[in-house]
Amino acid sequence: MKITFLNPPQTNSKYKFLGVVAPSLGIGYMAAVLEKNGYDVDVLDASALELSYDEIGEEILKRNPDIVSISALTPTIGVALDSADKIKNVKPDTVVVLGGYHPTFEYKSVLEEPSVDIVVRGEGEYTMLELVQSIENGRDLVNVQGLAFLDESDDSLIVTPDRPIIKDLDELPFPAFHLFPMEKYRILNITTNVATIITTRGCPMQCSFCSSAALHGNHLRRRSYTNVCDEIEMRLKEENIDTIAFMDDTFTLNKKFVRDFCNEIKRRNLKFWWGCTSRVDTLDEEILQLMKDSGCITIFIGVESADQQMLEKMNKNITISKTKKAFKLARKVGIRTIASCVIGMPEDTKKSIQKTIDFVKELNPNYALYSLATPYPGTRFYNETFKKNLIQIKDWSKFTLIDPVLETIDCSSNELRSIQKKAFLKFYLRPGYLIKQASQDGMILLKTIFGIAKQLISRQTNGNTDYNKTNVNK
């Protein structure tokens, strides 16, 4: 059988703020597992290649797959469904499978779309493999764990038992990045030979707004540092990679792993630049210096709020003092920081929002991201706001962290939009900041500012994203 993995066009991504277009790890792992088991697999990254729907259709006809698997996030579910429509139009006999964060939690509404045959729920590697094997051999899909689909006889919904999580991540083959258009990816709007790598799944921190924890659970599963370094060494040799973005929820959660990893990088004399995400309560000067010495140049840190009570409502479990200390230490060792905060939580006020905006400037990060509070399906935050009927916008394509979908105690959605714009402008257009940061990043800074301005000014609905079809939590 021939299987094509499709990453649909993604105009509504939080990473667009920072000019990040990177290969999909989920697709890479699923493709690798199928290849390992002898299947003919390819990847069509419509986002990186900037393909139109007609061009997607042309590619499907040319590649002639039996199965197309489409990955979707909440803001991209519309373009994923429109891509599915195009595939069915040009090749009706194709089995169309949807997976990813949004279909996992919204499988009922996704399966209302006639162009979608099957939804893969949760971690997809072995579910996809067993699904393909079952279709190939004519076996009943009801025996495949981790699926949702409609019964052919009466259109009743069938949800098979959840598939157990993959306990040993070292058993997975490395993502099949050789199938991706690697020359099309970029960071900070600079085209570079970048790879994405993940070292963990699951997160014990359980922040209320986190989709990843909702999908992977609260038990942290970690690859061995030698397995991670083996992958890096392979990519450096075979794929000419020079930059790696670690996509873990919190790369620095286990300090022993970080120490072992950094020391192994130096022992093997592996030369590359890398960045990761972190929490302020996992950083100290020793760890930061080790990271810097092994090639770390950027850390993405969740500041979230300057209001301690708001942090507690988010279940963030950090303190303002630890946040200040972490940014101070990162500056001291010379690692670039990206401060990410959330404004517009239902309990927020204009005063608390301004306090957060001022706090981010006080932290003096290299870059800042002011996200609007967005409840994603599957999270505790979504469940709470859904039940209280607090979600104002009924369009999934607006769940981007850029468009307001909630209101606060004293802020309308329009006011939140205005506050966000002003926050970005006041941070990035400070003369002193521009001079200092331009001396370090040059054109990277200008391209980043341009990308942010473009995202703030140009907001469009993309695809069929009718929120009102949701059946989750009913």
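So, here's what we can say about the structure. All values derive from a computational prediction rather than experimental measurement.

Here's the deal with helix α16 (residues 413-428)
Count 3.6 residues to each turn of an α-helix, and residues three or four apart come out pointing the same way. Between its first and last C-alpha, α16 extends 23 Å over 16 residues, near the 22 Å set by a 1.5 Å rise per residue. Along α16, the residues that are buried comprise S413, L416, R417, I419, Q420, A423, F424, F427 and Y428. All buried residues of α16 lie within an arc of 165 degrees about the axis, which places them on one face of the element. What points out from α16, more than 90 degrees from its buried face, is the exposed set N414 and K426.

What about the sheet that holds strand β10 (residues 194-197)?
The strand order across the open sheet formed by six strands is β10-β13-β14-β15-β16-β17, and the pairing between neighbours is parallel. Across the chains shown, the open sheet's two edge strands, defined by having one partner strand only, are β10 and β17 (367-372). Neighbour to neighbour, the strand axes of the sheet diverge by 20 degrees on average, direction disregarded. Judged from the four bridges that link them, β10 and strand β13 (residues 243-246) form a sheet pairing that is parallel. Residue I197 lies in a different strand from β13, and its bridge partner there is F246. Sitting on the sheet, helix α14 (residues 350-363) is in contact with β15 (296-304), β16 (336-343) and β17, with an inclination near 180 degrees to β16.

Here's the deal with unusual backbone geometry
Phi angles above zero are rare outside glycine, and N317 is one such case at about 60 degrees. Counting through the fold element by element, N317 comes out in the loop between α12 (308-313) and α13 (320-333). Using a relative accessible area of 52% as the deciding quantity, one classes N317 as exposed. Here N364, not a glycine, exhibits a phi torsion of approximately 60 degrees, which is positive.

Details of the packing of helix α9 (residues 225-238) against helix α10 (residues 255-267)
Relative orientation of the contacting elements α9 and α10 amounts to 40 degrees, with a least axis distance of 9 Å. Both α9 and α10 take part in a crossing whose hand is right-handed. Here α9 contributes Y225, V228, C229 and I232 to the contact with α10, which in turn contributes F257, D260, F261, E264 and I265. In terms of residue class, the contact of α9 with α10 is built from seven nonpolar, no polar and two charged.

Rules used throughout
- Residues numbered from 1 in each chain as written.
- Predicted model: local features only at pLDDT ≥ 70, side-chain atom pairs only at ≥ 80, totals over all residues.
- Heavy atoms only, no water.
- Helix = DSSP H or I, 4+ residues; strand = E, 2+ residues; numbered from the N terminus.
- Expected span 1.5 Å × (residues − 1).
- Buried < 20%, exposed > 50% of the residue type's maximum accessible area, 1.4 Å probe, protein only.
- Arc of directions from axis to C-beta.
- Pairing = 2+ DSSP bridges.
- Axes fitted to C-alpha atoms, helices over the stretch in contact; angles between N-to-C directions.
- Contact = heavy atoms within 4.5 Å.
- Left-handed = near helix turned anticlockwise from the far one by under 90°.
- Nonpolar A, V, L, I, M, F, W, Y, C, P; charged D, E, K, R; others polar.

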